[in-house]
Structure formats: structure tokens, C-alpha cells
Amino acid sequence: MAVFFGDSKKLHITMWSAIIGFIFDMYYTGLLGVYVFIFPLVIYLCQTVYQMLPPNFMSGFLVYFLGITVWVSLGFVANSFIGQTSDSVAQFMVNTLAPTLAINLVFMALAYFPIEPLYRSHRQ
């Protein structure tokens, strides 16, 4: 949500995403480095695409969809490359990507309008 409403230079979103990626790597994967690069890459991609679109809910929804898809897909590719998953692409899309997109997009739709005024009030 900070990509949509916050000032990226003031909030240092990319730096925070690298730190969160490092923590995510330490806790979940045990292999440091995969999400340290994926999280900032997704943030950069989302910021770039969102700046090209008109700032509204549907643009945010599209960018969020893109970000979640890229994040989960790059994680799958990295895990496939190092041999930590044996799922096929079809299994990944049905068992991982689709449910992840569904729940995250529902949460985003529910949180978008309550979070927007919070960012606007703290920005001023």
C-alpha cells in the first residue's frame, strides 16, 4: 500500500523491502539472497508501473495483481532452480499462485479504502 499512497523517497520502501526479504529468507527458505532481491525488484516494478497509470483503485488492483504474480512466480523459479520444489508449472499455478492471488486481492480490496485516508493524513 505504501507504493500506492506513500512517498517512496521519504519512506525508503526499497530498503525496507530488502530488509524484509532478508528476514523472510532467514525464516522461511534458509537460503539467503533469493527474496532479498525479489522483494525490492517487485517494489520497483510496481512503483514504475503505477506511475504510468492513473492513481485509482483499479490501477492499484492491477499493479497489486502484477506484483503478487511476479513475486510468487520468481520465488517458484528460484526454488525450482535450486531444487527445493518438484511441482510442475501447472501444479504451481493451480495450488499456489491462484489461491495466493485470490486471498491477497481480497485483502487488498478490503484494506485499500481504509488505508488511503491514513496515508493522506500522515503525509500532511
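The residue numbering used here restarts from 1 in each chain and proceeds along that chain's sequence as written. Side-chain atom pairs in this predicted model are given and counted only at pLDDT of 80 or more, local residue features only at pLDDT of at least 70, and totals for whole chains, interfaces and linings cover all residues. Side-chain calculation: all heavy atoms of the structure are included, whereas hydrogens and water are not.

Student: How should the environment of Ser86 be read in this particular structure?
Tutor: Each helix corresponds to a stretch of at least 4 residues labelled H or I by DSSP, and each strand to a stretch of at least 2 residues labelled E; elements are numbered beginning at the N terminus. Summarising the element assignment, Ser86 is placed in the loop between helix 5 (57–82) and helix 6 (89–123). Per-residue accessibility, obtained with a 1.4 Å probe over protein chains only, is compared with the maximum for each type, and a residue is labelled buried under 20%, exposed over 50%, and partly exposed between these values. Here Ser86 falls in the exposed class, since its relative accessible area comes to 73%. Along the chain, Ser86 and Leu31 lie 55 residues apart, while their C-alpha atoms are 17 Å from each other.

Student: For this particular structure, what's the right way to read the layout of surface pockets?
Tutor: Over the atoms a probe the size of a water molecule is rolled, and this reveals where empty space is left. The computed volume of the largest pocket comes to approximately 510 Å³. The distinction between a cavity and a pocket rests on a 1 Å grid over the protein atoms alone: a 1.4 Å probe fits inside a cavity but cannot get out, while a pocket stays open yet meets protein on both sides within 12 Å along at least five of seven lines, and a residue with an atom within 4 Å of a point counts as lining. Forming the boundary of the largest pocket are 17 residues, of which Met1, Val3, Val42, Ile43 and Tyr64 lie nearest the centre. Looking at the lining of the largest pocket, the elements that each hand over two or more residues are helix 1 (2–5), helix 3 (13–29), helix 4 (34–52) and helix 5. Side-chain classes are defined by residue name, with Ala, Val, Leu, Ile, Met, Phe, Trp, Tyr, Cys and Pro counting as nonpolar, Asp, Glu, Lys and Arg as charged, and the others, Gly among them, as polar. For the lining of the largest pocket, the class distribution of residues is 14 nonpolar, three polar and no charged. Grid points are joined across faces, edges and corners, and a volume is the space filled by probe spheres set on the points. The calculated volume of the second largest pocket comes to roughly 200 Å³. The wall of the second largest pocket is formed by Phe24, Tyr35, Trp71, Val72, Gly75, Phe76, Asn79, Thr85, Asp87, Phe92, Thr96 and Thr100. For the lining of the second largest pocket, the class distribution of residues is six nonpolar, five polar and one charged.

Student: Where do I start with the nonpolar core in this structure?
Tutor: Proteins that are soluble and globular tend to have nonpolar side chains buried together. Formed by 17 residues in total, the largest nonpolar core has its most connected members in Phe4 and Tyr112. Where this core is concerned, the elements lending two or more residues are helix 1, helix 4, helix 5 and helix 6. The dominant element in this core, judged by the number of residues it contributes, is helix 4, at eight residues. The contact criterion used is simple: two residues touch if any of their non-hydrogen atoms lie within 4.5 Å. With residues up to four places along the chain from it excluded, the contact list for Phe4 reads Tyr50, Gly60, Val63, Tyr64, Met108 and Tyr112. Core analysis: the next-biggest nonpolar cluster, separate from the first, contains seven residues, Val72, Phe92, Leu97 and Leu101 among them. Nonpolar cores are built from buried Ala, Val, Leu, Ile, Met, Phe, Trp, Tyr and Cys residues. Side-chain atoms within 4.5 Å join them into one set.

Student: How should I be thinking about the packing of helix 4 against helix 5 in this particular structure?
Tutor: Working note: a packed helix pair is described by the angle between its axes plus the distance between those axes. The axes used here are C-alpha line fits, helices contributing only the stretch in contact, and every angle between their N-to-C directions lies in the interval 0 to 180 degrees. Between helix 4 and helix 5, the least distance of the axes is 9 Å, while the angle of their chain directions is 155°. Here helix 5 runs roughly antiparallel to helix 4, going by the angle between their axes. In the packing of helix 4 onto helix 5, the handedness of the crossing is right-handed. Counted together, Val34, Tyr35, Ile38, Phe39, Leu41, Val42, Leu45, Cys46, Val49 and Tyr50 of helix 4 and Ser59, Gly60, Val63, Leu66, Gly67, Val70, Trp71, Leu74, Gly75, Ala78 and Asn79 of helix 5 form the full contact between these two elements. Note on terminology: angles under 35 degrees are roughly parallel, angles over 145 are roughly antiparallel, angles of 65 to 115 are roughly perpendicular, and the others are oblique. By the definition used in this description, the sense in which the near helix is turned from the far one sets the handedness, with an anticlockwise turn below a right angle giving left-handed and a clockwise turn giving right-handed.

Student: Before we go on, may I ask you to explain the packing of aromatic side chains in this structure?
Tutor: When we look at a pair of aromatic rings, we describe it by the centre distance and by the angle of the planes. Any two rings among Phe, Tyr and Trp, with Trp reduced to its six-membered ring, count as a pair given centres within 6.5 Å; such a pair is stacked if its planes are under 30 degrees apart, edge-to-face if over 60, and tilted if neither. On inspection of all chains with the given rule, the structure shows 14 aromatic pairs. Ring centres of Phe4 and Tyr112 lie 6.4 Å apart, and the angle between their planes is 50°; on these two criteria the pair is classed as tilted. Taken together, the residues Phe4 in helix 1 and Tyr112 in helix 6 connect sequence positions 108 residues apart. Classification of Phe4 as buried rests on a relative accessible area of 11%. Their ring planes at 45° and their centres at 4.7 Å tell us that Phe24 and Tyr28 sit as a pair that is tilted. Of this pair, Phe24 and Tyr28 both sit in helix 3, separated by four residues, roughly a single helical turn. By relative accessible area, which is 23% here, Phe24 ends up partly exposed.

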